[in-house]
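The primary structure of each chain is shown beneath.
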Amino acid sequence: MTTSPRDRLIVALDLPTVDQALDLVTVLGDSVGFYKIGLELAYAGGLDLAERLIGTGHQVFLDLKLHDIPNTVAGATAQIARLGATFLTIHAFPQTMRAAQDAKGDDGLRLLAVTVLTSSNDADLAEAGYRFGAAELVAQRAAQAKAIGIDGLVMSPLEVAVVRASVGPDMTIVTPGIRPSGAASGDQKRIMTPSEAILAGADHLVVGRPITASPDPRQAAVSIVAEIAQSLSDRMS
């Protein structure tokens, strides 16, 4: 089934309280159908919010970035699968990916392997002890995720085109680090505009502050969806 431009936009509810998140959902109305709940909101009642959003017909991306011993990852994945979320992130370490893949069950949960965080560049990876730069590490982890059977990948838009050519059309690619033209980059270091990311081969775009901090969040979302629609048309032509 073809994914609509509206459902390719995932709004990051990176807010401190459930009430603030619900206020934003109300403001956005039918301009958005897909929301991401990350660690900040998850620890403030976000899992209950996820069930509520799913119950009202929204799709939910639980960005929990699981990474622990295999038994713990498996148990957490099985619990999360029961919520009815669409996406769950895990770190793209082979042991973690295998444990989550084995435990996700048949409830429709799709696993996204986080390759390299968009807040990290080559210098950050070197400081952390990695011998690869970001592009090389993303490529290696993408290949491992595909071999294990993971549903999709999370990466900066800068790596999308190369990885798409490598993994083919079937793996879902989700890209944070999206900044419309003129928007502040914040703490993101590897970014693109919505149009650039879609043209590179991304399937879903995660957008937070350019919408959540906008004076008119609904219009900001509508504008990004329109840009996605135009870019999809350009990509197919």
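Here we summarise the structure given alongside this text. Quick caveat: nothing in here was measured; it's all calculated off a predicted structure.

Remarks on the sheet that holds strand β4 (residues 87-91)
Point 1. The sheet built from 8 strands closes into a barrel, its strands ordered β1-β2-β3-β4-β5-β6-β7-β8 with parallel pairing. For this sheet the average axis-to-axis angle between neighbouring strands, irrespective of direction, equals 25°.
Point 2. Relative to strand β8 (residues 204-207), strand β7 (residues 172-175) runs parallel, the two sharing 2 bridges. Across the sheet, the residue bridging to Val-174 is His-204, located in β8.
Point 3. Against the sheet, helix α5 (residues 94-103) makes contact with β3 (59-66), β4 and β5 (110-114), and its axis sits at roughly 150° relative to β4, the strand it touches most.

So, the packing of helix α2 (residues 18-28) against helix α3 (residues 39-55)
Point 1. It is the contact of α2 with α3, at a shortest axis distance of 9 Å, that shows an interaxial angle of 40°. Looking at the two axes, α2 sits oblique to α3. Note on element contacts: α3 touches α2 through Leu-41, Ala-44, Gly-45, Gly-46, Leu-49, Arg-52 and Leu-53, opposite Val-18, Ala-21, Leu-22 and Val-25.
Point 2. Residue composition of the contact of α2 with α3, grouped by class: 8 nonpolar, 2 polar and 1 charged.

Regarding unusual backbone geometry
Point 1. At Lys-65, a residue that is not glycine, the phi angle is positive and equals roughly 50°.
Point 2. Structurally, Lys-65 is set in strand β3.

Cut-offs used in this document
- Residues numbered from 1 in each chain as written.
- Predicted model: local features only at pLDDT ≥ 70, side-chain atom pairs only at ≥ 80, totals over all residues.
- Heavy atoms only, no water.
- Pairing = 2+ DSSP bridges.
- Helix = DSSP H or I, 4+ residues; strand = E, 2+ residues; numbered from the N terminus.
- Axes fitted to C-alpha atoms, helices over the stretch in contact; angles between N-to-C directions.
- Contact = heavy atoms within 4.5 Å.
- Parallel < 35°, antiparallel > 145°, perpendicular 65-115°, else oblique.
- Nonpolar A, V, L, I, M, F, W, Y, C, P; charged D, E, K, R; others polar.

Purely geometric numbers; function is a separate question.
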